[in-house]
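Breakdown of the fold
Each chain, letter by letter, is given below.
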Amino acid sequence: MSEANTIKPYLRLSGLEPLTVRPESNFVNIGERTNVTGSKKFARLIRENKYEEALSVARHQVENGAQILDINMDDALLDGVKAMPDYLNLLQAEPDIAKIPIMIDSSKFEIIEAGLKCVQGKCNFSKTNNLAVALHELQDEEDNSLEPQWHEGTEIH
């Protein structure tokens, strides 16, 4: 008789490679330099449509140990709905970068939605309160399939 295998409720994310965060995981390193509100260099490159150069920022984050890559395109001088997929599509074509999970970081549902259409694997979100509200507005009264699934012990950033 074989003992039934159970799947533990750990946080599981993936790019081209999986990332499982367990209670014994000491620290998850999130690369946040691909954020137009947190990096002047990255913001300048995106505003000037130098996406290829902006990929070097992401590559540098991965090479320096980032386990998740935070991408943010929230800037008043930027069309984030266009910039997010433009950047993510280039990023996803680079296996050395796309191997780690992506965190879509936005306070605007339209930008999150645009990013989701481009990301491979299971990504993460930042500012999930806005996402939960937007999903709630979209869902039918009879259909709760869009309801976010929160797992006890999972910390959302």
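Residues numbered from 1 in each chain as written. Predicted model: local features only at pLDDT ≥ 70, side-chain atom pairs only at ≥ 80, totals over all residues. Heavy atoms only, no water.

1. Some points on helix α5 (residues 109-116)
Turning to α5, its buried residues number three or more, namely Ile-111, Ile-112, Ala-114 and Gly-115. Taken around the axis of α5, the buried residues stretch over an arc of 165°, which confines them to a single face. (Buried < 20%, exposed > 50% of the residue type's maximum accessible area, 1.4 Å probe, protein only. Helix = DSSP H or I, 4+ residues; strand = E, 2+ residues; numbered from the N terminus. Arc of directions from axis to C-beta.)

2. Section: the confidence of the model for the chain
Chain-level pLDDT for the chain is 82 on average; 78% of the residues reach the 70-or-more range. Here residues 145-157 is a poorly scored stretch, pLDDT under 50, and it has 16 contacts once near neighbours within four places are set aside; other chains count. (pLDDT = per-residue confidence, 0-100. Contact = heavy atoms within 4.5 Å.)

3. A few points about the sheet that holds strand β3 (residues 30-31)
Through backbone hydrogen bonds, the strands of a sheet pair up, either in parallel or in antiparallel fashion. Strands sit in the order β3-β4-β5-β6 across an open sheet of 4 strands; the sheet is parallel. Two strands lie at the open edges of the sheet, namely β3 and β6 (124-126), each paired on one side alone. Sheet topology note: the strand β4 (residues 68-72)/strand β5 (residues 102-105) ladder contains 4 bridges and is parallel. Of the residues in β5, the one forming a bridge with Asp-70 is Met-103. Its contacts with the sheet place helix α3 (residues 80-92) against β4 and β5, and it is angled at close to 155° to β4. (Pairing = 2+ DSSP bridges. Axes fitted to C-alpha atoms, helices over the stretch in contact; angles between N-to-C directions.)

4. Let's talk about the packing of aromatic side chains
With the rule as written, the count across this model stands at 2 aromatic pairs. A centroid spacing of 5.2 Å and a plane angle of 80° characterise the contact between Phe-42 and Tyr-87, whose relative ring orientation is edge-to-face. Residue Phe-42 is located in helix α1 (residues 40-47), and its partner Tyr-87 is located in helix α3; the two are separated by 45 residues in the primary sequence. Among the residues examined, Phe-42 registers a relative accessible area of 0% and is labelled buried. In this structure Tyr-87 comes out as buried when scored by relative accessible area, which is 0%. (Phe/Tyr/Trp six-rings, centres within 6.5 Å; stacked < 30°, edge-to-face > 60°.)

5. Here's the deal with the pairing of strand β2 (residues 18-21)
Alternating positions in β2 separate cleanly, Leu-19 and Val-21 being buried on one face and Pro-18 and Thr-20 remaining unburied on the opposite face. As paired elements, strand β1 (residues 11-14) and β2 share 4 bridges and run antiparallel to each other. In the sheet register, Leu-11 faces β2, and the bridge partner there is Val-21. Counting the residues in the hairpin turn of β1 and β2 gives 3 residues.

6. Looking at the side chain of Gln-61
With respect to the element layout, Gln-61 can be found in helix α2 (residues 51-63). On the basis of relative accessible area, Gln-61 is assigned to the buried category, the value being 13%. Sequence-distant contacts of Gln-61, defined by excluding residues within four places in its chain, comprise Gly-31, Glu-32, Arg-33, Ala-66 and Leu-69.

7. Digging into the pattern of salt bridges
Throughout the structure, instances matching the rule amount to 6 salt bridges. A salt bridge links Glu-48 to Arg-44; the shortest N-O distance between them is 3.6 Å. In this structure Arg-44 comes out as partly exposed when scored by relative accessible area, which is 37%. A cluster of three or more residues bridged by salt bridges with shared partners is formed by Arg-44, Glu-48 and Lys-50. (Salt bridge = Lys/Arg side-chain N within 4 Å of Asp/Glu carboxyl O.)

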